[in-house]
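Next come the chains, spelled out residue by residue.
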Amino acid sequence: MKAIVTSGYGSVEMLDVAEVEKPEISDTEILIRVRACSVNPIDWKIRSGQIKMISGSKPPKILGGDFSGTVEAIGKEIQEFTIGDEIWGHVNALKGGAYAEYIKANVQDICLKPRNFDFVQAAAIPLAGLTAYQSLVRLGEVKADSEVLINGCTGGVGSVAVQVAKFLGCTVTGVCSTKNIEYAKRIGVDVIVDYKQEDVLHLNKEFDSVYDFVGNLSFPASKCIIKESGTFVTAIPSIPRIIFGGMLNSFRSKKCKGILVQSSSADLKTLKAMAESEALVATVEKVFPLNQVRQAHIASESGRVVGKIVMSLD
Ligand SMILES: NC(=O)c1ccc[n+]([C@@H]2O[C@H](COP(=O)([O-])OP(=O)(O)OC[C@H]3O[C@@H](n4cnc5c(N)ncnc54)[C@H](OP(=O)(O)O)[C@@H]3O)[C@@H](O)[C@H]2O)c1
């Protein structure tokens, strides 16, 4: 099969189309024919070598943590799917595998895709959507009347987080730049903070939970905008924060948590239901064919993408 394989750590020159073995499945795995996959910042962080300490196996490696496609083959012990089912899914991006014609997955990694999404739209959601959903629901423990602040409300994760928070009944303040204000309003942000004009830390307002999907807010500095017993959630946690964060939180009223996205077919089903009831739209800024992976990485690495960059295999 064709796949994008990294030949080393470094620039986009490390990304090339190669012919590799099609994955073989065990009795508990499913083989998916990939129709589209998305580019996530973790992909170019792995490619460049900036997270070598945690990124697992060395190059050559197939990147990619989320995808949409059709079920091609099913392990003997699996009852849930039939050949030809149209699915969306997430696998651990550190392991990767989605930038390819075929990927193997577990039942936990996939579910049927929303009926009203095409394959490109469906590939845009799983990794970013699970991160957004798990940040708000599992870590932030939002409730219907929660007031939340989402830093980076127009990116892959932030744009889904806004829609999940609105779906759950929260009031959403979103931080974005001037050019994205109209888009932020369209996806449901109630109060916009234009970071080009205003410093979010000088808002003179406190939130039940603050979500940093950019990486430029720290917990100590953000305490002034978090209510007593409120929570700060970051998608860019440091290794000490992952190891010691839980222990430190037991000694303080304002909590600091780091999200590490997990595969969950149950959470994907919730996102599917949101999509089918039109509470969740997928924003795809640009679609590239798989063989233009270098351009796709350059676009994502700019840090300016609204919604997602998707690669189509059709
Ligand atoms: N820990 C986990 O499990 C996990 C999972 C997923 C993602 N992540 C991490 O979370 C981060 C966000 O991921 P993503 O996919 O959402 O990234 P992304 O889509 O590339 O984010 C781009 C967006 O960020 C906005 N942005 C840039 N600087 C900003 C600022 N100072 N204030 C507000 N918005 C700003 C940009 O808008 P403008 O052009 O208007 O600035 C753009 O819309 C990445 O570092 C990623 O690696 C972690």
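Basis of the calculations
Numbers given to residues run from 1 along each chain, matching the order in which its sequence is written. At least 70 in pLDDT is required for a residue's local features to be given in this predicted model, at least 80 for side-chain atom pairs to be given and counted, and no such filter applies to totals for whole chains, interfaces and linings, which use all residues. The side-chain values count all of the structure's non-hydrogen atoms but skip hydrogen atoms and water molecules. For the domain bounds, the source is a domain assignment made automatically or taken from a database. Contacts: residue pairs with any heavy atoms within 4.5 Å of one another. By definition, the buried area sums, over both parts, the 1.4 Å-probe accessible area that each loses when the two are put together. Only DSSP runs of H or I covering at least 4 residues are called helices, and only runs of E covering at least 2 are called strands; the numbering of each starts at the N terminus. Each residue is assigned to one of three classes by its accessible area relative to the maximum for its type, calculated with a 1.4 Å probe on protein chains only: buried under 20%, partly exposed between the two thresholds, exposed over 50%. Expected span, for any helix, means 1.5 Å times one less than how many residues it has.

A.B. asks: Could you clarify how one ought to interpret the domain arrangement of the protein chain in this entry?
C.D. replies: It is common to give the size of an interface as the accessible area that goes away when the parts come together. Each assigned domain of the protein chain is listed with its residue range as follows: domain 1 (2–125 + 282–312) and domain 2 (128–258). Of note, the centres of domain 1 and domain 2, computed from C-alpha atoms alone, are 27 Å apart. Between domain 1 and domain 2, the residue contacts involve 12 residues of the former and 13 residues of the latter. Each partner contributes to the roughly 840 Å² buried at the junction of domain 1 and domain 2, and carbon and sulfur atoms together form 55% of this total. Taken as a group, Ile 125, Arg 304 and Val 306 account for 45% of the area that domain 1 buries against domain 2, more than any other trio of residues on that side.

A.B. asks: When you look at unusual backbone geometry in this model, what are you seeing that I'm missing?
C.D. replies: Backbone geometry follows two general trends: most residues other than glycine have a negative phi, and most peptide bonds adopt the trans configuration. The omega angle of the peptide bond from Pro 59 to Pro 60 is 0 degrees, so this bond is cis rather than trans. As for its position among the elements, Pro 60 is in the loop between helix 1 (41–48) and strand 4 (61–62). The backbone of Glu 141 sits at a positive phi, close to 45 degrees, despite the residue not being glycine. Position of Glu 141 among the secondary structure elements: in the loop between helix 3 (126–139) and strand 9 (147–151). When its relative accessible area of 48% is taken as the criterion, Glu 141 is described as partly exposed.

A.B. asks: What am I meant to see in helix 8 (residues 265–276) here?
C.D. replies: Because each turn of an α-helix spans 3.6 residues, side chains separated by three or four positions end up pointing in the same direction. Over its 12 residues, helix 8 extends 16 Å from the first C-alpha to the last, a length consistent with the 16 Å expected when each residue adds 1.5 Å. The complete set of buried residues in helix 8 reads Ser 265, Asp 267, Leu 268, Leu 271, Lys 272, Met 274 and Ala 275.

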